[in-house]
Each structure stands twice: as C-alpha cells, then as structure tokens.
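# Analysis of the macromolecular model
As a plain string of letters, each chain reads:
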2 protein chains.
Amino acid sequence: MMELTRKGEYAIRGIVYLAGRPLDKVCLLSDIATAVDVPPTFLAKIFQQFSKIGLVKSFRGTGGGFLLGRPAENITLLEVVEAVEGPIVPNRCVAAPAECERSGYCNVHPVWRQVQLEIKSVLEGVSLRELVENSK
Amino acid sequence: MMELTRKGEYAIRGIVYLAGRPLDKVCLLSDIATAVDVPPTFLAKIFQQFSKIGLVKSFRGTGGGFLLGRPAENITLLEVVEAVEGPIVPNRCVAAPAECERSGYCNVHPVWRQVQLEIKSVLEGVSLRELVENSK
DNA sequence: ACATAAAAGGATAAATAATGTCTTTTAGGG
DNA sequence: CCCTAAAAGACATTATTTATCCTTTTATGT
C-alpha cells in the first residue's frame, strides 16, 4: 500500500536528469532513458504525459528531443508525481466522498484527508532544483 | 498511487466495529462481516492476521468468535493498517536502501523518508477509541 | 519533393497484485 | 461423538502494472 509505482519512480529519475542538463540543449529521449536506466518506450509514455501539462517541452524531428518546460526551481516533486500517478488520494473516500456515505458519516475520513495533506505538503516543498543540486 | 486497498479499508471497518461492541461479548465473524458489509471469507483472512499479532483474540468452536486484543485506546490506526498492508513505504528505496544505490546516493530518498514519517505520525495519532466514539 | 529523425498515439501482451472463493483442518462445547 | 466456528491452504478471477510494438504525425536538412 501507499507505494510509488515504477512509473512514478521512472518519471522522477527522468525529469531530474533532464533538469540537471544544460538548459538550452534538447535531450534525446533515448539518451535520457539510457542515463537513468529505464525502458525507452516506457519513458516515452511518461514524457508524453509531462509534455501535455507543460512540465517539459518537446520537439519532433531532426534535432528534436526534450527541454524542461519551466525553470527547475518552479517544478515541484508533487507535480511530477501527480502528472503520472494521478492525484494523491490515500483512500478512495477522499477522492469521492459520495462513496464514503456507507452508513452516514465516516469518522476515518478526516484522518485520510490529513494524510493526504501531509504527503502533498512534503512533496510540494521539494523542487527539481534541490534534487539536482545535491547530486553534483 | 498511495491508495489504501480494499483489504485495508475492510480491516479498519471490521476492527472499528468490533471496538464498538461490548467488551465481554465475543463477536461472530459472520456478524461483523454483515454489519460492515464485507465478504465474510475475505474478512476472515483479515482477522486471522489481526489474531496473529494480538490485535484481536479469537475463540474457536461453539460460542467462539472474536474479542479486541487490547483496550481500544491502545490500538492505533497505524497498527491496523500495517497489520494487513505491511509497513508504510512510499517508495521501495525506503524499505530496501540497497536498491537505492543505483548511482551512488539518491537525493530523493530523504523526501520519501519524510513522507513515510508524516503518514505514520498521523495514523499513529488515532486510536480505535476515537474512531468509535465519534460514531455514537 | 524526399529522406531521415524523433516524438505522439494506439493496440496489445506479459507479469504481478488485488480480490474473493472453496475445502480441509483444528479446537472447543454440549 | 457431534456440532459449531475459526485457522489454514489452495485455488480462481479480475484489475493493475509494466512493459513492447507498430503506425502516424511533425520537423529538419538536402
């Protein structure tokens, strides 16, 4: 339970790597995949999701590849994770309160809500910039 | 990602119900299952896990059933969840740091560690007593 | 225009995990 | 000895995760 999937792990590895590259040089997906040791086809799907919401910018054709969509300090770990895993919902009743009404009011609900807030708070407090800096 | 499974949800429902029953009367599994709307065979597995670690006491045969293993105020939501879901590990690198050594030191690791602490902290702060009281 | 490069998108397959059932075994009470 | 009820293990089903492959679209250079 409560475990990041491979997809999420790969997503972080990939975008952190990209964030650590020179800003003006587009990165080939295949190069990123090799560098962070992720199946290229899988990473492609992940970067497509990033691209849709603007976390990265993509360029097709010769000389194409990927650039970070915004400065690394403006991208939080929460955004990266939610981009590929969907919203952080420790229990489905938090996502869909309607399903919580099994027998009136559910007193566990506020606890899960609190868990959700804490997780989001931690992940939101970390930017790609910080993740890159330490590794240099 | 990060979502409680049905098993965890059922586990909470079941033991909270038990905690709300008179202390000295053993509860039939079938009655609990009916009350909290969970498949009886599935709930049986869950209560077996509870029993092994003493969260509940079980009695076989005629007049048998289940009792809470300790006073409700001494059982935390964390214990209940971990009993059936295993330890709270938001990323496998937190459970097995060895796998984190992909390329030297992983700078995301401390973040997941922090997430783990926060989740555990919230769940540890809630006892079955509190969950029962509100519902009355 | 044409050939090439690279991402986008869709369909599908394999592996793993979640969910649930069934049957047999063990223990206790009458 | 017989009935009840939980324990334990094997099995079945479904859903999700983790990929892979193939075609299409878009861009660049010649």
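Before reading on, note that the structure itself is shown above.
Computed from a prediction, not measured in an experiment: that's the story for all the values here. Counting restarts for each chain, with residues numbered from 1 along the sequence as it is written. Think of it this way: whatever chain is written first is A, whatever ligand is written first is 1, and the rest follow in order. Confidence filtering applies because this is a predicted model: local features only for residues at pLDDT of at least 70, side-chain atom pairs given and counted only at 80 or more, and all residues used for totals across whole chains, interfaces and linings. Here the side-chain values reflect all heavy atoms present in the structure, with hydrogen atoms and water set aside.

On to helix α6 (residues 109–124) of chain A, then. With 16 residues, α6(A) should cover 22 Å at 1.5 Å per step; its first-to-last C-alpha distance of 22 Å lies within 8% of that length. If you check which residues of α6(A) are buried, you get A:His109, A:Val111, A:Trp112, A:Val115, A:Gln116, A:Ile119, A:Val122 and A:Leu123. Taken end-on, α6(A) shows its buried residues confined to a sector of 165°, consistent with a single buried face. Residue contacts are defined here by distance: any two heavy atoms, one from each residue, within 4.5 Å place the two residues in contact. A run of H or I in DSSP becomes a helix once it reaches four residues, and a run of E becomes a strand once it reaches two; helices and strands are each numbered from the N terminus. Looking at the buried residues of α6(A), the elements they touch are α4 (77–85) and α5 (92–95) of chain A together with α1 (6–19), α4 (77–85) and α6 (109–124) of chain B. Take the residue count of a helix, subtract one, and multiply by 1.5 Å to get its expected span. Burial classes follow relative accessibility: with a 1.4 Å probe on protein chains only, a residue under 20% of its type's maximum area counts as buried, one over 50% as exposed, and anything between as partly exposed. Taken from the helix axis, the directions to the C-beta atoms give the arc we talk about.

Glancing now at the packing of aromatic side chains. Residues and elements named next belong to chain A. For Phe, Tyr and Trp, where Trp contributes only its six-membered ring, two rings pair if their centres lie within 6.5 Å, and the inter-plane angle classes them as stacked under 30 degrees, edge-to-face over 60, or tilted in between. The tally for this structure, following the rule as stated, stands at 6 aromatic pairs over all chains. Taking the centre distance of 5.3 Å and the plane angle of 70° together, the rings of Phe 47 and Phe 50 count as edge-to-face. Taken as a pair, Phe 47 and Phe 50 lie in helix α3 (residues 40–52) at a separation of 3 residues, close to a single helical turn. Comparing Phe 47 with Phe 50 shows no difference in burial state: the two are buried.

Let us now look at unusual backbone geometry. Residue and element names in this part refer to chain A. Its identity as a non-glycine residue notwithstanding, Asp 37 has a phi of 60°, on the positive side. Topologically, Asp 37 is positioned in the loop between α2 (29–36) and α3. Asp 37 sits in the exposed class, given a relative accessible area of 54%.

Moving on, we get to α4(A). For α4(A), a buried count of 7 out of 9 residues is recorded, marking the element as mostly surrounded by other parts of the structure. All of the buried residues in α4(A) are A:Leu77, A:Leu78, A:Val80, A:Val81, A:Ala83, A:Val84 and A:Glu85. The inward-facing, buried residues of α4(A) contact α1 (6–19), α3, α6 and α7 (128–133) of chain A together with α6 of chain B. Backbone geometry just after α4(A) places A:Gly86 at a positive phi near 85°.

Below, the discussion takes up the environment of B:Leu43. All names here are of chain B. Mapping Leu 43 onto the fold places it in helix α3 (residues 40–52). Judged by its relative accessible area of 0%, Leu 43 falls in the buried class. Residues Leu 43 and Ala 11, 32 residues apart in the sequence, show an inter-C-alpha distance of 7.3 Å. Excluding anything up to four places from it in sequence, Leu 43 contacts Tyr 10, Leu 29, Ile 32, Ala 33 and Val 38.

A word on the protein's contact with DNA strand D. Only a single heavy atom is needed: when it lies within 4 Å of a molecule or strand, its residue is near that molecule or strand. Around DNA strand D, the structure places 24 residues, and the nearest of them are A:Tyr10, A:Arg60, B:Lys45, B:Ser58 and B:Arg60. Atoms of DNA strand D within 4 Å of the protein: sugar and phosphate make up 69%, bases the balance. Backbone polar atom of A:Arg6 to a phosphate oxygen of DNA strand D: 3.1 Å apart, as the coordinates give it. With 4 residues, α3(B) is the largest single contributor of residues to the surface near DNA strand D. Side-chain classes are defined by residue name, with Ala, Val, Leu, Ile, Met, Phe, Trp, Tyr, Cys and Pro counting as nonpolar, Asp, Glu, Lys and Arg as charged, and the others, Gly among them, as polar. By residue class, the composition of the surface near DNA strand D is 7 nonpolar, 10 polar and 7 charged. Here a polar contact is taken to be a pair of N or O atoms separated by no more than 3.5 Å, where protein atoms must pair a possible hydrogen donor with a possible acceptor and residues adjacent in sequence count only if both atoms sit in side chains.

Comparison of the two chain copies shows a relationship of rotation about an axis with a shift along it. Least squares is the method used to superpose the copies, on C-alpha atoms of residues holding a pLDDT of at least 70 in both. It takes a turn of 180° to lay chain A on chain B, together with a shift of 0.0 Å along the axis; the resulting RMSD is 0.1 Å. Classification of the inter-copy transformation places it as that of a two-fold axis. Identified as the residue of chain A closest to the rotation axis by C-alpha distance is A:Met2, at 1.6 Å. A shared interface surface links the copies, since 100% of the contact residues of chain A are contact residues in chain B too.

Residues and elements named next belong to chain B. As defined by bridge partners, strand β1 (residues 56–59) adjoins strand β2 (residues 65–68) across 4 bridges and the pair is classed as antiparallel. Pairing of Phe 59 across the sheet is with Gly 65, part of β2. From the end of β1 to the start of β2, which pair antiparallel, there are 5 residues, and Gly 61 there has a positive phi angle of about 75°. The pairing criterion is simple: DSSP has to find at least two bridges between the two strands.

The next thing to look at is the interface of chain A and chain B. Tallying the contact residues gives 33 residues for chain A and 34 residues for chain B. For any pair of parts, buried area is found by adding up, for both, the accessible area (1.4 Å probe) each one loses once the two are put together. When the two sides are added together, the surface that chain A and chain B hide from each other amounts to roughly 3300 Å², 63% of it contributed by carbon and sulfur. The working definition used for a salt bridge is a side-chain nitrogen of Lys or Arg within 4 Å of a carboxyl oxygen of Asp or Glu. Our count for the contact surface shared by chain A and chain B stands at 0 salt bridges. Applying the counting criterion to the chain A and chain B interface returns 6 residue pairs in polar contact (both at pLDDT 80 or more).

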